[in-house]
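What the coordinates show
As a plain string of letters, each chain reads:
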2 protein chains.
Amino acid sequence: MADLYEQQAKIFKAFCDERRLRILELLRGGETCACKLCDAMDMPQSSLSYHMKILCESGIVLGREEGKWTHYRISPEGSRKAMELLREITQLQETEESSCRCQKP
Amino acid sequence: MADLYEQQAKIFKAFCDERRLRILELLRGGETCACKLCDAMDMPQSSLSYHMKILCESGIVLGREEGKWTHYRISPEGSRKAMELLREITQLQETEESSCRCQKP
DNA sequence: TTATCAAATCAAGAAATTTTGATTTGAGGT
DNA sequence: ACCTCAAATCAAAATTTCTTGATTTGATAA
């Protein structure tokens, strides 16, 4: 149960940091290699790697290794799942009549 | 520009914490007052207040004051806006194929 | 093999977030 | 006025996240 919330939170961590939002904007333009992201973000390599790991573990970004390079891209499936999850967790439950079942003290 | 990312990040901060996800799940059942949330979450009053502030500032939750009580509920409009934003920031831009050519010596 | 480069990982410190008892605010009720 | 209660705010500590130089890993080339 707590694991479920932890897993859900992990997905949205991708979007709650300014640098990761900027990286995602760069990736919207198409697949991009780490060195270009590093350059565009004006960030040390280890810092970029830290954020890319969070983005990948959220399922929103996919990494493709090609020789010694890694190319990153937005995962349409990951994005779709995130949107479905967001809809679920904010949708009011179907209750017949909004009568509170709790007894007034 | 940095302000934009900051504002976007603020919205998703509502969903990147386990306790806030649990609060949202409680609110999916309908409008709930702070004291009941406090009880259900088994959390000190000041802690709940801290999280409710983040949820309200994200626009996902609305508070309604009634006498000395405050009732919280999920905002359908805030939820809709969050979903639209999520779609925007993960949608690939319409461009020609622009593959990275890092492997070029 | 050795050298080189790209990226991940490590580790220690910096910065931000979260916790929680104490206090304050603000709206009734007496 | 006073008292009480609900909720917000404060403040200090605890915890988590983030930064970044240094190191390691892993692939390629000479």
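See above for the structure.
Summary of the structure given here. (Residues numbered from 1 in each chain as written. Chains lettered and ligands numbered in written order. Predicted model: local features only at pLDDT ≥ 70, side-chain atom pairs only at ≥ 80, totals over all residues. Heavy atoms only, no water.)

**Things to note about the state of the cysteines**
Under the defined criterion, the tally for this structure stands at zero disulfides over all chains. Not part of a disulfide, A:Cys56 finds its nearest cysteine sulfur in A:Cys33, a span of 14 Å. Just so you know, B:Cys38 is unpaired, no disulfide at all, and the nearest cysteine sulfur is the one on B:Cys35, 8.2 Å from it. Judged by its relative accessible area of 15%, B:Cys38 falls in the buried class. (Disulfide = S-S within 2.5 Å. Buried < 20%, exposed > 50% of the residue type's maximum accessible area, 1.4 Å probe, protein only.)

**Here's the deal with the protein's contact with DNA strand C**
The local shell around DNA strand C holds 22 residues, among which A:Gln45, A:Tyr72, B:Arg19, B:Tyr50 and B:His51 are the closest. Atoms of DNA strand C within 4 Å of the protein: sugar and phosphate make up 62%, bases the balance. Taking A:Cys35, its main chain carries an N or O atom lying 3.4 Å from a phosphate oxygen of DNA strand C. Contacts to DNA strand C include A:Lys68, whose backbone N or O atom sits 3.1 Å from a sugar or linking oxygen. Elements that contribute at least two residues to the surface near DNA strand C include exactly α3 (34–41), α4 (45–57) and β3 (69–74) of chain A together with α2 (18–28) and α4 (45–57) of chain B. For the surface near DNA strand C, the leading source of residues is α4(B), giving five residues. (Near = heavy atom within 4 Å. Polar contact = N/O pair within 3.5 Å; in protein donor to acceptor, adjacent residues only side chain to side chain. Helix = DSSP H or I, 4+ residues; strand = E, 2+ residues; numbered from the N terminus.)

**Observations regarding the sheet that holds strand β1 (residues 32–33) of chain A**
All names here are of chain A. The antiparallel open sheet is built from three strands, whose spatial order is β1-β3-β2. Only two strands of the sheet have a single neighbouring strand rather than two, namely β1 and β2 (61–66). Here two bridges tie β1 to β3, and the two strands are oriented antiparallel to one another. When the sheet's bridge partners are listed, Cys33 is paired in β3 with His71. (Pairing = 2+ DSSP bridges.)

**Details of the nonpolar core**
In terms of nonpolar packing, the biggest core is built from 50 residues, with A:Phe15, A:Met52, B:Phe15 and B:Met52 touching the most fellow members. Here B:Met52 is in contact with B:Ile23, B:Leu27, B:Leu37, B:Val61 and B:Tyr72, once residues within four sequence places are set aside. (Core = buried A, V, L, I, M, F, W, Y, C linked by side-chain atoms within 4.5 Å. Contact = heavy atoms within 4.5 Å.)

**Focus on helix α2 (residues 18–28) of chain A**
Residues and elements named next belong to chain A. Among the residues of α2, Arg20, Leu21, Ile23, Leu24, Leu27 and Arg28 are the ones counted as buried. The buried residues of α2 occupy an angular sector of 160° when projected down its axis, which confines them to one face. The positive-phi residue at the C-terminal boundary of α2 is Gly30, with phi of around 125°. (Arc of directions from axis to C-beta.)

**A short note on unusual backbone geometry**
All names here are of chain A. In the Ramachandran plot, Asp42 falls in the positive-phi region, its phi being about 55° despite a non-glycine side chain. By secondary structure assignment, the location of Asp42 is in the loop between α3 and α4. Exposure remark for Asp42: the relative accessible area of 70% places this residue in the exposed category.

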